[in-house]
Amino acid sequence: GVPSLRPYRRERSLTLRSSSSALYNNLAVLCPPARPPAFGAVHGTTLSLLGNEGPPRQLQARGGGSALSTPLLTQAAWCELPSRVLLVLTSQRGVQMYESDGSTMVFWHALDVPEHPAAHSVFARGIAAAGGRFICVGTSFGAVLVFDIPPKGTNVTLSEVLEQHRDPITDIAAEQGQAPDGAGDLVTADDSGTLCLWSTGEEFTLLGKIPGSGSTCSSVRLWNGIVAAGYGNGQIRLWEAGSGRIRAQVSAHARWIYALDLAPLTGKLLSGAEDSFVHVWKLSRNLDTDDIEIQHCHAECVTDTQVCGARFCDRAGDTFAVTGYDLSEILCYGPA
């Protein structure tokens, strides 16, 4: 059937204490049931938290030993596990995990920084909850750290390190729908555009690798066995998570894509880029032909703004929010 292509309109804006840094996927959204969403955006060394009844809060990057300089944050995301929700921050020094409201730090993991750092910088980036009890975090070394999260308390352990990427990790995504048999439930992406498909469990299994083709994959999502990947050349590509076959390719943006998000109930896909545009698409599987289809639903221009974060604010994709480089607000859009 034809999806309801309801257009969106700008509803309100939430003021940030400082503007958003030009980082991939620089908007975190938590949608608790029956409560307003909470938002987070990174600026430099701090994360601004807004919403969810409580007062606005600023979280600072942890130094990890050196008092000389506070490290820059690279990303923040809420990780929703069946037993608890944690807010995870990544930086040039390590990984910080907080209770979901940011009130209490649960865990800190320092990155191993070489004594004589090579030319490339050290940082963590790419955050996803996976497999019901794990949180996966990528690093600039191309490693993916797998943390085993207890149902409560602070006894978080590093249970595994996945070493299949040769380039810095850009983004990590877990299955948001129902994975078809053998399709895997986690995808990791890197600066070279390489994607790795994993099956999670006591031990994580590499199911397949999709080689990059010269363009960075900045953002990735996984839904019903479909991998949606956004690239530095403005393209969105859809891959089959089981076979690694490419199923669709769209020239979605004129410039670098910074963010993708997916609404699990409907298969709507949100993309935001340096070209100031935010697009809403609809993914679907044709049950007769098993083709994967992508349909354009909506375009929104955020004038003179390099979009760096875009997230749906509900599971059906009826509302979304956008952050932009040098923009000191979060723009919220709802049904027109």
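Given the structure is predicted, the values throughout are model-derived calculations rather than measurements.

Student: If you had to explain the overall build of the protein chain to someone new, which residues and values would you point to?
Tutor: Looking only at helices and strands, one finds 0 helices and 28 strands in the protein chain. Over its C-alpha trace the protein chain gives a radius of gyration of 19 Å, about what one expects of a compact globule, namely 20 Å for 336 residues. Counting only residues that meet the buried cut, the protein chain has 57% of its 336 residues in that class. A total of about 14,000 Å² of accessible surface is found on the protein chain, and carbon and sulfur atoms cover 48% of it. Separation between the mean location of the 25 positive side-chain charges and that of the 33 negative ones in the protein chain comes to 4 Å.

Student: Tell me about the UniProt feature "repeat: WD" (unreviewed entry) in the protein chain, and name the residues and values.
Tutor: This chain's UniProt record puts "repeat: WD" (unreviewed entry) on residues 250–284. A helix fraction of 0% and a strand fraction of 66% characterise residues 250–284, whose end C-alpha atoms lie 15 Å from each other.

Student: Can you break down the pattern of salt bridges residue by residue, with the values?
Tutor: Counted according to the given criterion, the structure contains 13 salt bridges. Arginine 125 is the salt-bridge partner of aspartate 191, the closest N and O atoms lying 3.8 Å from each other. Taken together, the residues aspartate 191 in the loop between β15 (186–190) and β16 (195–199) and arginine 125 in strand β10 (residues 124–130) connect sequence positions 66 residues apart. In this structure, the salt-bridge partner of glutamate 240 is arginine 247, at a minimum N-O distance of 2.3 Å. Arginine 247 matches glutamate 240 in its accessibility class, with the two residues each being buried. Each of Glu240, Arg247, Arg285, Asp290 and Asp291 takes part in salt bridges that share partners, so that together they form one network.

Student: An account of the pairing of strand β27 (residues 320–324) is needed here, citing residue identities and associated values.
Tutor: The element β27 is extensively covered by neighbouring structure, given that 5 of its 5 residues are classed as buried. Judged by which residues are buried, β27 turns out to be covered on both faces: Phe320, Val322 and Gly324 on one side and Ala321 and Thr323 on the other are all buried. As paired strands, strand β26 (residues 307–312) and β27 are joined by 5 bridges and run antiparallel to one another. Residue pairing for β27: valine 307 is matched across the bridge by glycine 324. Both β27 and strand β28 (residues 329–335) contribute to a ladder of 3 bridges, which runs antiparallel. Following the sheet pairing, phenylalanine 320 is matched in β28 by tyrosine 333. The turn linking β27 back onto β28 is made up of 4 residues, and aspartate 326 within it adopts a positive phi angle of 70 degrees.

Student: Account for the sheet that holds β10, naming residues and giving values.
Tutor: Ordered by their spatial adjacency, 4 strands build an open sheet running β10-β11-β12-β13, and the pairing between neighbours is antiparallel. With partners counted over all chains shown, the strands left at the sheet margins are β10 and β13 (157–162), one partner each. Between one strand axis and the next, the sheet turns through 25 degrees on average, direction left out of account. In this sheet, strand β11 (residues 134–139) lies alongside β10 in antiparallel orientation, the contact comprising 5 bridges. Bridged to alanine 129 within β11 is isoleucine 135.

Student: Can you tell me about the side chain of threonine 139, naming the residues and giving the values?
Tutor: Tracing the sequence through the fold places threonine 139 in strand β11. Ignoring any residue separated from it by four or fewer positions in sequence, one finds threonine 139 in contact with Leu111, Phe123, Ala124, Arg125, Leu145, Pro168 and Ile169.

Student: For the environment of serine 20, give the residues involved together with the corresponding values.
Tutor: One can find serine 20 in the loop between β1 (8–15) and β2 (28–30). Owing to a relative accessible area of 1%, serine 20 belongs among the buried residues under this scheme. For the pair serine 20 and cysteine 308, spaced 288 residues apart in the sequence, the C-alpha separation amounts to 7.8 Å. With near-sequence residues (within four places) excluded, serine 20 lies in contact with Asn26, Ala41, Val42, Cys308, Thr323, Gly324, Tyr325, Asp326 and Leu327.

Student: Give me the lowdown on the sheet that holds strand β6 (residues 73–80), citing residues and values where you can.
Tutor: On the basis of which strands lie adjacent, the open sheet formed by 4 strands has the order β6-β7-β8-β9 and antiparallel pairing. Strand pairing shows two members of the sheet lacking a second neighbour, β6 and β9 (105–110), which therefore form its edges. Neighbour to neighbour, the strand axes of the sheet diverge by 15 degrees on average, direction disregarded. Relative to strand β7 (residues 85–91), β6 runs antiparallel, the two sharing 7 bridges. Considered in β7, the bridge of tryptophan 78 is made with leucine 87.

Calculation notes
Residues numbered from 1 in each chain as written. Predicted model: local features only at pLDDT ≥ 70, side-chain atom pairs only at ≥ 80, totals over all residues. Heavy atoms only, no water. Helix = DSSP H or I, 4+ residues; strand = E, 2+ residues; numbered from the N terminus. Rg over C-alpha atoms; globule rule 2.2 N^0.38 Å. Buried < 20%, exposed > 50% of the residue type's maximum accessible area, 1.4 Å probe, protein only. Areas by Shrake-Rupley, 256 points an atom, 1.4 Å probe, with all protein chains shown as cover. Lys, Arg positive; Asp, Glu negative; His and termini not counted. Charge placed at Lys NZ, Arg CZ, Asp CG, Glu CD. UniProt positions renumbered as here; feature names shortened; annotations may be inferred. Salt bridge = Lys/Arg side-chain N within 4 Å of Asp/Glu carboxyl O. Pairing = 2+ DSSP bridges. Axes fitted to C-alpha atoms, helices over the stretch in contact; angles between N-to-C directions. Contact = heavy atoms within 4.5 Å.

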